[in-house]
Amino acid sequence: NTWVRGLLQRATGVCTGSVYCDSWLRTHGFPAEGVRSGAVLVTKTHYPSVKAESQIECPPPLWSTGGEEDIQMLYRDYESPRWGSVIFVVRNPFDAMVSEFNRLNSGGAVDNNTHVDSIDEKHFGYSYPWQMFVRDEIPKWTAMISNYLLQDSPHRVLCVAFENIKEDLLGEVKRMLDFLSIEYSDEELIERLLQDFTTFRRSRKEVFDHYTYEQRALVNAFISSVMSLLEGTPIAEQIPLDSYLFRSHPESQMTG
């Protein structure tokens, strides 16, 4: 999300905001970090679009015998933001969880950029914190998709897949600009600005399988449930869900 914010800023020259206030980001290219008013182009949030009462059918989380009830509980304390429109960025959950776990655990020094730093391989796999993280995060990924893309909502929603942005940078940024009703005339200039922007992209190290067999099976089950939920909808064509399944993940090695 931070990378996408940066792309939109470079393409338009307008600051983007956030419902959070990351002091590092505020002094490293995002001066409107923490601003959530109409003064900014877009506002970043990971909160659901409504007070979550998702009617989704997902595999029961490992820590419960229910499933749906527990997923609803995840967002019970969050109030509904009042956005007029939403750009919903979705990413392969296998990659998204590794990225977020790196961000949460690579801090330390004040000047650290936890948005691109990585931690040692030993912290993944069978490590207890990682197992608990996967257990807690994958239901949230599924619930957010249901919350923003499937429920009746007053929001205008544009669904953008992170993987599609990497494949067609200019095309996907133009989709977002059109959605935001931002006029642009010099596509070549925009393309040059975007291609030069690699900040906030975590460099991929040597291929390493972060997931155990059981974790892969759990995440695959949730991906499959989303595929079933979106089947036959226009949104299904905008997200490469089939490639998200671990068996189709070309940059991973299956071990265990």
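Going by the structure above, here's the rest.
What comes next concerns the included structure. Residue indices begin from 1 for each chain and proceed along its sequence in written order. pLDDT decides what is reported in this predicted model: residues at 70 or higher carry local features, side-chain atom pairs at 80 or more are listed and counted, and totals for whole chains, interfaces and linings draw on all residues regardless. To get the side-chain values, take all heavy atoms of the structure and skip hydrogens and water.

## Here we look at the packing of helix α5 (residues 128–150) against helix α9 (residues 213–230)
- Interaxial angles span 0 to 180 degrees and are taken between N-to-C directions of axes, which are lines fitted to C-alpha atoms, for helices over the stretch in contact. A run of H or I in DSSP becomes a helix once it reaches four residues, and a run of E becomes a strand once it reaches two; helices and strands are each numbered from the N terminus. Interhelical geometry of α5 versus α9 gives an angle of 5 degrees and a closest axis separation of 10 Å. As summarised for this structure, α5 and α9 are arranged roughly parallel, according to the angle between their axes. Of the residues in α9, those in contact with W130, Q131, V134, R135, I138, P139, W141, T142, I145 and L150 of α5 are Q215, L218, V219, F222, I223, S225, V226, L229 and L230.
- In the scheme used here, Gly and all other residues not listed as nonpolar or charged are polar, with Ala, Val, Leu, Ile, Met, Phe, Trp, Tyr, Cys and Pro taken as nonpolar and Asp, Glu, Lys and Arg as charged. The class makeup of the residues in the contact of α5 with α9 is 14 nonpolar, four polar and one charged. In this scheme, roughly parallel covers angles under 35 degrees and roughly antiparallel covers those over 145, while 65 to 115 is roughly perpendicular and the rest are oblique. In this analysis, two residues are considered to be in contact whenever any of their non-hydrogen atoms come within 4.5 Å of each other.

## Structural notes on the packing of aromatic side chains
- Aromatic rings from Phe, Tyr and Trp, taking only the six-membered ring of Trp, are treated as a pair when their centres fall within 6.5 Å; an angle between ring planes under 30 degrees marks them as stacked, one over 60 as edge-to-face, and anything in between as tilted. All told, the structure shown has eleven aromatic pairs when counted by the stated rule.
- Look at F101 and W130: their rings are 5.0 Å apart centre to centre, the planes differ by 65 degrees, and that puts the pair in the edge-to-face class. Taken together, the residues span a long stretch of sequence, with F101 in helix α4 (residues 93–105) and W130 in helix α5 at a distance of 29 residues. Like F101, the residue W130 is buried in the burial classification. Think of it in three bands: with a 1.4 Å probe and only protein chains considered, a residue is buried below 20% of the maximum accessible area for its type, exposed above 50%, and partly exposed in between.

Everything listed is a geometric property; what it means functionally is a separate question.
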